[in-house]
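# Analysis of the macromolecular model
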Amino acid sequence: MRYDDSSPAPESHDSISPDQRWYTRRSTLAVAVAVLAPTVLAGWVLTQTLTGTEGQRPGPAPHPASHAAAADAKSSASPGAQAGAGASASASASASGPAAAPAPAKGPLTGKTVVIDPGHNTGNFQHTDEIDRQVDIGTNRKECDTTGTTTNSGYMEAEFTMDVSRRLRTILEGRGLKVVLTHEAGTARPWGPCIDERARIGNEARADAVVSVHADGVSQGNRGYHVILPAKVKAGGADTAAIVGPSRQLGERIGSNFSRTTGSAPANYLGSGTGLVVRDDLGGLNLSTRPKVFIECGNMRDSKDAAQLTSPEWRQKAAQGIADGIVGFLGG
Ligand code: ZN
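Everything numeric here is computed off the predicted structure, so don't read it as measured data.

## Let's talk about the pairing of strand β6 (residues 226-230)
Among the five residues of β6, five are classified as buried, and the element is accordingly described as predominantly covered. With burial as the criterion, each face of β6 is covered, one bearing H226, I228 and P230 and the other bearing V227 and L229. Two elements, β6 and strand β9 (residues 276-279), share four bridges in a ladder whose sense is parallel. Looking at β9, one finds that V227 is bridged to L276.

Structure, rendered in structure tokens:
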């Protein structure tokens, strides 16, 4: 571009379109060039910007795009999962899908966090002094943690809960959710955490949903799953008024999806066949400020339930059902 006109160009700021003087007055020509050149440049820049937005978005932010792609993949898997038929197929498709998913769009699960609490800890049996100490659960004081139960053949509830929780994490992360476990088996956490800390982890993560995974230990013949919902309590550090409603929604979704994927019936020994029980004596629920439920996946002391609980294939179905319930609750 050439600025060879020494005269001031008074109209240059007022005129951005070609005018007729461009053809008739040579002195105006230079002014017009001076005016038009930036205009054309601006137009070019605008065009490039728009093309970039609507097109392939060559440079910026590969990270958000891949997150959004994962979210989109989940969304497309969701109808099948919620409808029932083909839930496993759609879930496995979503597990391999995100990398190939093309459309960068925000889904309902984008940015949401799920906290999974594997009940008990395999190390608790060796740390009974530590887990027996009392902690404040708002309504009263209770043991820090418990050992959990086992099957008659010695398969520990804590092994079961950790295995299902990890499967659950894999499924949920495949749907693009952020997942936090309250503890991992092995070195980092030889026992516990205490029940008050388990609740606090969900609270501090500002979890959109929290699920504590368990299996029950009652006598032979008692079978089936049940979901435990928080009662309305207000005492000490416990105030569940805000989570009673959403926790019930979460629990109902988890129960129905769990029943569908595993084929298990609601517990035949409590809950009046609904698979839902409300309790006010669990610190993990009383101290939660986030929507939270427990699921007792079956009875480890019943031989038929135990045969299921010890099967990796069944545990995968259990994790899938819980995951579908969470995803449905979160609107995915
Ligand atoms: Zn338990």
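So much for the structure itself; the text now carries on.
## With respect to the coordination of the zinc ion
The coordination sphere of the zinc ion contains the protein donors H120 (NE2), E157 (OE) and H214 (ND1), at a distance range of 2.0 to 2.1 Å. Summarised as a motif, the one-chain spacing of the donors to the zinc ion is H-x36-E-x56-H. One end of the pair, H120, is in the loop between β1 (113-118) and α5 (128-132); the other, H214, is in strand β5 (residues 209-216), with 94 residues separating them in the sequence.

## Side note on the sheet that holds strand β4 (residues 178-181)
Taken in spatial order, the six strands of this open sheet run β4-β1-β5-β10-β6-β9, and their pairing is mixed. Bordering the open sheet on either side are β4 and β9, each of which pairs with just one other strand. Strand-to-strand twist across the sheet, computed as the mean angle between neighbouring axes with direction ignored, equals 25 degrees. In the packing of helix α7 (residues 195-204) onto the sheet, contacts are made with β1, β4, β5 and β10 (292-299), and the angle to β1 comes to roughly 170 degrees.

Definitions and limits used
Residue numbers here run from 1 along each chain, matching the order of that chain's written sequence. In view of the model being predicted, local features appear only for residues whose pLDDT reaches at least 70, and side-chain atom pairs are presented and counted only at 80 or more, with totals across whole chains, interfaces and linings using the full set of residues. Hydrogen atoms and water are omitted, and side-chain values are computed over all heavy atoms in the structure. Each residue's exposure class comes from its accessible area (1.4 Å probe, protein chains only) as a fraction of the maximum for that residue type: buried when under 20%, exposed when over 50%, partly exposed otherwise. Each helix is a run of DSSP H or I of at least 4 residues and each strand a run of E of at least 2, with the numbering of both proceeding from the N terminus. Whether two strands pair comes down to DSSP finding at least two bridges between them. Here the coordinating atoms are restricted to nitrogen, oxygen and sulfur within 2.8 Å of the metal centre, or 3.2 Å for Na, K and Ca, and because water is not among them the sites may look incomplete. Fitted lines through C-alpha atoms give the axes, limited to the stretch in contact for helices. The angle between two N-to-C directions lies from 0 to 180 degrees. Any pair of residues with heavy atoms lying within 4.5 Å of one another is described as a contacting pair.

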